[in-house]
Amino acid sequence: MLENIFNRFDSETNEIDLKENKGIILGIYLFLISELMLFFALFFCYFFYYYFNYNLFKIAHNFLDIKIGLFNTLLMLFSSFTIFLSYEFYLSNDKKKTFIFLFFTILFGIFFLYFKFYEYSHKIEVGLLPGYHYKNGLLPEPDRIHVFFSFYFLLTGAHIFHLIIGLFFVFLSFFFIYFRTNFLNNLIFLRFSNLYWHMVDIIWLIIFFLLYIFI
Amino acid sequence: MSNNNYENYLSVKKGFFSWFYTLDHKRIGILYLFTVLIFFLIGGLFAILIRIILWNNFCSDSLIFAKYYNRLFTAHGLVMLFVALIPGIPSSLGNFILPLQIGTRDLIFPKLNLYSYYCFLIGILISVYCIFFGSIDTGWTLYAPYSITSGANIYLLSLAVLFFGTSSLMTSINFITSIIYLRAEGQGWLNIPIFTWSLFASSVIQLVATPVLGITILLLVFEKFFSLGIFDPNLGGDPILFQHLFWFYSHPVVYVMIVPAMGLISEIISVFSRKTAFGYTNLVFSSLVIAFFGLLIWGHHMFVAGQSEFSNFIFTVLTTLVAVPTSVKIFTWLSTLYRGSIKFDTPFIMSFFFIFLFTIGGLTGLMLNNISLNVWFHDTYYVVAHFHFILAGSVLYAFFAGLHFFWPKMFGRLYNVKFANIFSFMSFLGFIITFFSQFILGFQGMPRRYFHYLYQYKFMNRVSTLGAILTGLGFFLLILNLVLSFFNNSKNSALNLANPWNAKTIDWTETYSPPLEHNFINLPILKKDEYENCFKK
């Protein structure tokens, strides 16, 4: 794809530019692999406790509101779709549609955050908090059950952190496409935001299936 | 080629900011090199202090003294590992030599390279502050409930570790991408020098394992701040989980250290026996296999920690498997020496020391792998001696061998070879005395991280301390010898300084010594099988 944009590879400079841009894409993928390994460690922890406390987790997970979870999942999937569309439209040089779809991505991301914080506030109210701060006395074996909520807050907290970073990148893409005229650099940055956002989406899907639906 | 009348990368720009804001991989490599050497000496100072305390066998009941001793060995571990050895070969020699070996003008992301050095510096500043004012007394392994409940300043230490991790992640992304995209024309994958292959394998491990360390440290912080209860048994947590997470990084990291070391040794042995390495493919694939399997065997640090018997069995089997490619390397080096035309110079002498010390370290590791023996040896001085043979004996010797090998290339100067040989033998002798006595102590059952021991361990501890002083002196003098090379008005002719070892790979033959700022006048184009046949000309 990039070769179509670079039509000339005669001189050393252009060949290095092409290699450099291919290298940037590879660098982006390597960085995403490292981020995935970060979440891998968190899922490792979760599976460790899941293995030893299956029944406890099964009871605790019913306290998570699956409707909000489903709605959040749909929001993430739609936002992934809109950011993909914005990339395709930028590739076809349709800047207006690019901006529209980037705007929708940011909008869906902010909605996601809103519903997440709504969920959190409900949990804080009821007392379903991690560790020492757990106050809800309704569940059996209160001295182990909070571990599930520790993981709930850990996993969703880490996800929210990466979501906010992803939103920042999407916003930066918007900014660059609006103000910066170098097409290739904007394209690569948009692709990077795209990939990062898809990664955040995949992480959310895994969290949703693990915590809410409880495979 | 080296009459020093041309503008090399050292003379082209001068001044503090030309070094601090440089984008030249060679300068960044040298910045890393000097930082690493300084902190290696500081870590060594901590080690000498530990050994002096152990000479005396203090019978102090004071809790304060115990805490200070704990802080001392923690500081020694943190500084030596995170500051001196993990960045050691990849960031200093790797940064300098990798682009020269693949025939390109610089790494693919020069600014990322510079930022990785900045992250490294920030990490050093924070960790130095932590060591002196953070009262970290948990051991460098930071095991879970104690690191949370003791007065250690985990918050700052996590910040330091995150910066170190970011620095090594950036370096590894840089290396992998450069090796894939910037190789010289005609340089296929099986024509890449072995050192570059080893840097590739080590970068892959770093990429995959370092984020796990980051999240482990962050989990410690969250556990302490939010009382999450995932590591603390009082809150329903499991301390073994921390050990799993911690060793998931910390075992692969020893392969991050040893694989480039072995790559350097392969280069040196092939040059000094005037043969390309026998079994080049063996060496390459063994590096990759070590990298892959190294990610799967973290549990052998936890045989007595309380994991299931089945896990113990799996980890034993996999660890034994990892010993296979490692020994393949040793046999290929020996086969390279066979019927080679051998010349004993400083780097080569150090490679011999490497092979000897690494064999002992590796075989004792295999002894530790045996679960029934591990029950006796775990947390004794046997383990301490084993990893010092690997880290201080092998990685460090390979690092110095590589330094002494590439020094004429990097600076266009030769150190005093006679003194270098004497000092390296001095440090080797000291090393054997220091750590072989610790094997005996481990057999006799002396636990590690104790400052007061039973009467019967006194003699071996004193022997070890004397050896430590000799080792410390040897390494210090080696470094001094290298630094003094800047001040000798070389009487050697400029011609044989350019390539004193008469190496034949493109990093020696196509570049000046010291190299130009942009490495090559014209980018080299390699012929087919040029690497294999380079000594046959």
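Scroll up a little and you will see the structure.
Engineer: When you look at the overall build of chain A in this model, what are you seeing that I'm missing?
Structural biologist: On a plain count of helices and strands, chain A comes out with seven helices and zero strands. The secondary structure elements of chain A, listed N-terminal to C-terminal, are α-α-α-α-α-α-α. The proportion of buried residues among the 215 residues of chain A is 53%. For chain A, contacts bridging at least 24 residues in sequence account for 76% of all contacts bridging at least 6. Looking at chain A as shown, the accessible area adds up to about 10,500 Å², and 70% of this sits on carbon and sulfur atoms.

Engineer: How do you make sense of the overall build of chain B when you look at a structure like this?
Structural biologist: For chain B, the count of helices and strands is 18 helices and zero strands. For 537 residues, the compact-globule formula gives about 24 Å, and the C-alpha radius of gyration of chain B, at 23 Å, lands near that figure. Across its three principal directions, the C-alpha atoms of chain B cover 65 × 45 × 45 Å. Burial status across chain B gives 62% buried among its 537 residues. Within chain B, counting contacts between residues at least 6 apart in sequence, those at least 24 apart form 83% of the total. Put simply, chain B shows about 20,200 Å² of open surface, and 70% of that area lies on carbon and sulfur atoms. Side-chain charges of chain B comprise 29 positive and 19 negative groups, with the mean position of each set lying 10 Å from the other.

Engineer: Which parts of the structure should I look at to understand unusual backbone geometry?
Structural biologist: One can expect most non-glycine residues to show negative phi and most peptide bonds to be in trans. Residues and elements named next belong to chain B. Even without glycine at this site, Ser135 takes up a positive phi of about 45°. Structurally, Ser135 is set in the loop between helix H5 (110-133) and helix H6 (144-149). One non-glycine residue with positive phi stands out, namely Ser227, at about 50°. Tracing the backbone shows Ser227 in the loop between helix H8 (194-226) and helix H9 (239-272).

Engineer: Would you take a moment to explain the packing of helix H4 (residues 88-102) of chain B against H9 of chain B for this structure?
Structural biologist: When two helices pack together, their arrangement is captured by the angle between the axes and the distance separating the axes. Residues and elements named next belong to chain B. Viewed as axis vectors pointing N to C, H4 and H9 meet at an angle of 45°, and their least axial separation amounts to 11 Å. The orientation of H4 relative to H9 falls into the category oblique. Remark: the crossing between H4 and H9 carries left-handed chirality. Contacts between H4 and H9 involve Ile89, Pro90, Leu93 and Gln101 on the former and, on the latter, Val256, Pro260, Ala261, Leu264 and Glu267. When its residues are assigned to classes, the contact of H4 with H9 shows seven nonpolar, one polar and one charged.

Engineer: Help me out: how do you make sense of the interface of chain A and chain B in this one?
Structural biologist: How big an interface is tends to be stated in terms of accessible area lost as the parts join. Opposite the 32 residues of chain A that make contact, chain B presents 34 residues. Across the interface of chain A and chain B, roughly 2,700 Å² is buried in total on both sides, 78% from carbon and sulfur atoms. Remark: the boundary between chain A and chain B carries three residue pairs in polar contact (both at pLDDT 80 or more). Those elements that provide at least two residues to the side of chain A that touches chain B are helix H2 (12-52) and helix H6 (142-179) of chain A. At 21 residues, H2 of chain A tops the list of elements feeding residues into the side of chain A that touches chain B. Here the side of chain A that touches chain B is composed, by residue class, of 19 nonpolar, seven polar and six charged.

Engineer: Would you mind going over the packing of aromatic side chains with me for this structure?
Structural biologist: Aromatic rings considered in pairs are described by the distance between their centres and by the relative angle of their planes. Within the structure shown, the criterion is met by 112 aromatic pairs over all chains. Each ring, one from Phe39 of chain A and one from Phe43 of chain A, has its centre 6.4 Å from the other, and the planes form 35°; the classification is tilted. A residue pair is termed a helical-turn pair when its members lie 3 or 4 positions apart in one helix, as Phe39 of chain A and Phe43 of chain A do in helix H2 at four residues. Both residues of the pair, Phe39 of chain A and Phe43 of chain A, count as buried. Seen in terms of ring centroids, Phe356 of chain B and Phe428 of chain B are 6.0 Å apart; in terms of plane orientation they differ by 70°. Their pairing is edge-to-face. Note that Phe356 of chain B is positioned in helix H12 (residues 346-369) and Phe428 of chain B in helix H15 (residues 417-444), a separation of 72 residues in sequence.

Engineer: Would you mind going over empty space enclosed by the protein with me for this structure?
Structural biologist: The probe, sized like a water molecule, is rolled over the atoms to show the empty space still left. Residue and element names in this part refer to chain B. On inspection of all chains with the given rule, the structure shows four cavities of 30 Å³ or more. The computed volume of the largest cavity comes to approximately 120 Å³. In terms of lining, the largest cavity is formed by 14 residues, of which the most central are Ile86, Pro87, Phe164, Ser168 and Gln206. Going through the elements one at a time, H4 and helix H7 (154-181) are the ones with two or more residues in the lining of the largest cavity.

Engineer: Hey, could you run me through the packing of H9 of chain B against H12 of chain B in this one?
Structural biologist: All names here are of chain B. The geometry of H9 relative to H12 is characterised by a closest axis approach of 10 Å and an angle of 130° between their N-to-C directions. When the axes of H9 and H12 are compared, the pair comes out oblique. When you trace H9 past H12, the crossing you get is left-handed. Contacts between H9 and H12 involve Ile258, Ala261, Met262, Ile265, Ile268, Ile269 and Phe272 on the former and, on the latter, Pro347, Phe348, Ser351, Phe354, Ile355 and Phe358.

Engineer: How should helix H7 (residues 183-213) of chain A be read in this particular structure?
Structural biologist: Turn by turn, an α-helix covers 3.6 residues, leaving residues three or four places apart pointing in a common direction. Residues and elements named next belong to chain A. With 31 residues, H7 should reach 45 Å at 1.5 Å per residue; the first-to-last C-alpha distance of 43 Å fits that figure. For H7, a buried count of 22 out of 31 residues is recorded, marking the element as mostly surrounded by other parts of the structure. Where H7 begins, one side-chain oxygen reaches toward the backbone nitrogen of Leu184, 3.2 Å away; that side chain belongs to Asn182.

Engineer: In this structure, what is going on with helix H3 (residues 63-85) of chain B? I would like to understand it.
Structural biologist: Compared with the 33 Å implied by 1.5 Å per residue over 23 residues, the 32 Å span of H3 of chain B between its first and last C-alpha is a close match. By the criterion of burial, H3 of chain B is predominantly enclosed, with 17 of the 23 residues buried.

Engineer: Sorry, what's going on with the side chain of Asp24 of chain B here?
Structural biologist: Within the secondary structure, Asp24 of chain B sits in the loop between helix H1 (16-20) and helix H2 (25-56). In this structure, Asp24 of chain B is in contact with Tyr9, Asp106 and Glu517 of chain B, ignoring residues within four places of it in sequence.

Engineer: How should the pattern of salt bridges be read in this particular structure?
Structural biologist: Where charged atoms from two side chains of opposite charge come close, those side chains can pair. Counted according to the given criterion, the structure contains eight salt bridges over all chains. As a salt-bridge pair, Lys343 of chain B and Asp345 of chain B come within 2.9 Å of each other at their nearest N and O atoms.

Analysis parameters
- Residues numbered from 1 in each chain as written.
- Chains lettered and ligands numbered in written order.
- Predicted model: local features only at pLDDT ≥ 70, side-chain atom pairs only at ≥ 80, totals over all residues.
- Heavy atoms only, no water.
- Helix = DSSP H or I, 4+ residues; strand = E, 2+ residues; numbered from the N terminus.
- Buried < 20%, exposed > 50% of the residue type's maximum accessible area, 1.4 Å probe, protein only.
- Contact = heavy atoms within 4.5 Å.
- Areas by Shrake-Rupley, 256 points an atom, 1.4 Å probe, with all protein chains shown as cover.
- Rg over C-alpha atoms; globule rule 2.2 N^0.38 Å.
- Lys, Arg positive; Asp, Glu negative; His and termini not counted.
- Charge placed at Lys NZ, Arg CZ, Asp CG, Glu CD.
- Axes fitted to C-alpha atoms, helices over the stretch in contact; angles between N-to-C directions.
- Parallel < 35°, antiparallel > 145°, perpendicular 65-115°, else oblique.
- Left-handed = near helix turned anticlockwise from the far one by under 90°.
- Nonpolar A, V, L, I, M, F, W, Y, C, P; charged D, E, K, R; others polar.
- Buried area = accessible area lost by both parts, 1.4 Å probe.
- Polar contact = N/O pair within 3.5 Å; in protein donor to acceptor, adjacent residues only side chain to side chain.
- Phe/Tyr/Trp six-rings, centres within 6.5 Å; stacked < 30°, edge-to-face > 60°.
- 1 Å grid on protein atoms, 1.4 Å probe; cavity = no way out; pocket = protein on both sides within 12 Å on 5 of 7 lines; lining within 4 Å.
- Points joined across faces, edges and corners; volume = space filled by probe spheres on them.
- Expected span 1.5 Å × (residues − 1).
- Salt bridge = Lys/Arg side-chain N within 4 Å of Asp/Glu carboxyl O.

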